[in-house]
Amino acid sequence: MASSRVFTKSMFWVVVLLPLFVQTTFAAEENQKTAETFFTKGHTNNWAVLVCTSRFWFNYRHVANVLSMYHSVKRLGIPDSQIILMVSDDMACNPRNPRPAAVFNNAHQHINVYGDDVEVDYRGYEVTVENFIRVLTGRLPASTPRSKRLMTDDRSNVLVYMTGHGGDGFLKFQDSEEISSIELADAFGQMWQKKRYHEVLFIVDTCQAVSLYRNFYSPNIIGIGSSQVGEDSLSHHVDSSIGVYIIDRYTYYALEFLEKVTPTSQKTIADFLKVCPYSQCHSNVGHRTDLFQRDVGKTLVVDFFGSVRNVEVTTGQVPLVDVEHEPKKAVDSPPSVQYFHVDPFPPKPKKDDDGSRKGITFSTEFIIANTVFITTAAIVLVMGR
């Protein structure tokens, strides 16, 4: 009888404690997985370098390209302080622009990609090959403000997007100079040696785009080009009211893909590499992943286009200490001071009823004191003689 009672009590505690034990074990495993993800993710911050290298009104679409990409990365979480925006021409203020202070990337003009919140770091003739390479490598003059610096480290994932006119192995800057694929490769080589990046996603939308990353040799770089060698990168559509093409095909469909991405999205770089097939781009989009050490099928798009903050999860308790605040001492109010008004122009003496003016009256003390003073003065003078 006693043994059956003991068995019954034991079964009771097993039934009560087993679910709690299973729940605690499951929570610990989940926290362990979260912690492992945090420490093996690799990067701790995100940066973007967005470059439009073209001038002149007929290159309106290139400015729209880079401004559209700028808004996409801002929406996904990269702040302005970590975006270097280089725009070589100000289409919003161009005298040919029928919509002053606005740049659109769609013929319906739904979205003004110029807007009120665009922070251009390098504009006009500041957009040069030299400045671009100096930004990447960190070789800037000491007087350069922080907003124009790429303040990356060995835990930074960097998105580099470039758009403009290019050819086999070069990209033109403002129709006056060119950057070659070798110069680009060496710039990323310096970045790696100086520990200025963890991973890089390099995207270029131009003619013969894949030729620009064929000389890359530094690790952890993904290269994407909108066209193969010998192919043109074409525009998407024209806005008849503006009179020019307003966006390129590859960037148009890349933005269409990114519009469906959220900061918590699980879409991968492998999904992004499928953007803009030949039926849409009318060119063969190329990519290079042999330098990249991770599986692009497991690398998230937001690892480059977003800025998801990693959070470390702990099961330990964090003690909270009550802080006693001393009551504020009452401040004594200053003593009240009574002020009197003194008229700078006193009124004239009043007249008596008989028309004569009132005389000046003196007090008795004043008369006695003056009498004593005059008498004393007179005696002194007489004795002095």
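Residues numbered from 1 in each chain as written. Predicted model: local features only at pLDDT ≥ 70, side-chain atom pairs only at ≥ 80, totals over all residues. Heavy atoms only, no water.

*Asks:* Before we go on, may I ask you to explain the overall build of the protein chain in this structure?
*Replies:* Along the protein chain, the regular secondary structure elements total nine helices and 12 strands. Per-residue burial for the protein chain yields a buried fraction of 42% across its 385 residues. The contacts of the protein chain with a sequence gap of at least 6 include a subset with a gap of at least 24, amounting to 72%. When the accessible surface of the protein chain is split by element, carbon and sulfur atoms take 57% of a total near 23,300 Å². (Helix = DSSP H or I, 4+ residues; strand = E, 2+ residues; numbered from the N terminus. Buried < 20%, exposed > 50% of the residue type's maximum accessible area, 1.4 Å probe, protein only. Contact = heavy atoms within 4.5 Å. Areas by Shrake-Rupley, 256 points an atom, 1.4 Å probe, with all protein chains shown as cover.)

*Asks:* Which parts of the structure should I look at to understand the sheet that holds strand S6 (residues 170–173)?
*Replies:* One key point about sheets: their strands pair by backbone hydrogen bonds, in either a parallel or an antiparallel sense. A sheet is described by the order of its strands in space; here three strands give the open sequence S5-S6-S7, paired in antiparallel fashion. Edge positions in the sheet fall to strand S5 (166–167) and strand S7 (177–180), since each has one partner strand and no second. Inspection of the sheet shows S6 paired to S7 by four bridges, in the antiparallel sense. When the bridges of S7 are listed, leucine 171 appears paired with isoleucine 179. (Pairing = 2+ DSSP bridges.)

*Asks:* I'm lost on the sheet that holds strand S1 (residues 45–52) in this one. Help?
*Replies:* Sheet architecture is open: seven strands sit in the order S3-S2-S1-S4-S8-S9-S12, paired in mixed fashion. The sheet is open, and its two borders are formed by strand S3 (122–123) and strand S12 (286–288), each paired with just one other strand. Of the strand pairs in this sheet, strand S9 (residues 221–225) and S12 are connected by three bridges, and their pairing is antiparallel. When the bridges of S12 are listed, isoleucine 224 appears paired with histidine 287. Seen against the sheet, helix H4 (residues 181–193) touches strand S4 (156–163), strand S8 (199–205) and S9 and runs at an angle of roughly 160 degrees to S8. (Axes fitted to C-alpha atoms, helices over the stretch in contact; angles between N-to-C directions.)

*Asks:* Could you clarify how one ought to interpret the pattern of salt bridges in this entry?
*Replies:* Between side chains of opposite charge, a pair can form when the charged atoms approach closely. Throughout the structure, instances matching the rule amount to 10 salt bridges. Salt-bridge contacts for arginine 134 lead to glutamate 130; the nearest nitrogen and oxygen are separated by 3.0 Å. Placement of both arginine 134 and glutamate 130 in helix H3 (residues 129–137) is noted, with a separation of four residues, approximately one turn of the helix. Its relative accessible area of 30% is what places arginine 134 among the partly exposed residues. Here glutamate 199 makes a salt bridge to arginine 294, at a shortest N to O gap of 2.9 Å. (Salt bridge = Lys/Arg side-chain N within 4 Å of Asp/Glu carboxyl O.)

*Asks:* Help me understand the side chain of arginine 249 in this model?
*Replies:* By the element assignment, arginine 249 lies in helix H5 (residues 249–258). Apart from the residues lying within four places of it in its own chain, the contact partners of arginine 249 are Leu234, Ser235, His236, Cys276, Gln280, Cys281 and His282.

*Asks:* Honestly, helix H2 (residues 60–75) in this entry has me stumped. Any pointers?
*Replies:* Since the α-helix packs 3.6 residues into each turn, any two residues three or four apart lie on the same face. A rise of 1.5 Å per residue sets the reference length of H2, with its 16 residues, at 22 Å; its end C-alpha atoms lie 23 Å apart and thus fit the reference within 8%. Of all 16 residues in H2, 13 are buried; the element is thus mostly enclosed. Backbone geometry just downstream of H2 places glycine 77 in the positive-phi region, at approximately 125 degrees. (Expected span 1.5 Å × (residues − 1).)

*Asks:* Help me out: how do you make sense of the packing of H3 against H4 in this one?
*Replies:* Packed helices, taken two at a time, are described by the angle between their axes plus the distance between the axes. Between H3 and H4, whose axes approach to 8 Å, the crossing angle comes to 25 degrees. Relative to H4, H3 is oriented roughly parallel. For the pair H3 and H4, the sense of crossing is right-handed. Of the residues in H4, those in contact with Val129, Phe132, Ile133, Leu136 and Thr137 of H3 are Glu183, Leu184, Ala187, Gln190 and Met191. (Parallel < 35°, antiparallel > 145°, perpendicular 65-115°, else oblique. Left-handed = near helix turned anticlockwise from the far one by under 90°.)

*Asks:* Can you help me understand the nonpolar core in this one?
*Replies:* Nonpolar side chains tend to gather and get buried jointly when the protein is soluble and globular. Grouped together as the largest cluster of nonpolar side chains are 56 residues, with contacts concentrated most on Leu50, Phe272 and Phe305. Ranked by residue count, the leading element in this core is H2, at eight residues. Contact partners of phenylalanine 272, with chain neighbours within four places excluded, come to Ile203, Ile224, Tyr250, Ala254, Phe257, Leu258, Val301 and Phe305. Val158, Leu171, Ala187 and Phe188 belong to the second largest nonpolar core, which has 35 residues in total. (Core = buried A, V, L, I, M, F, W, Y, C linked by side-chain atoms within 4.5 Å.)

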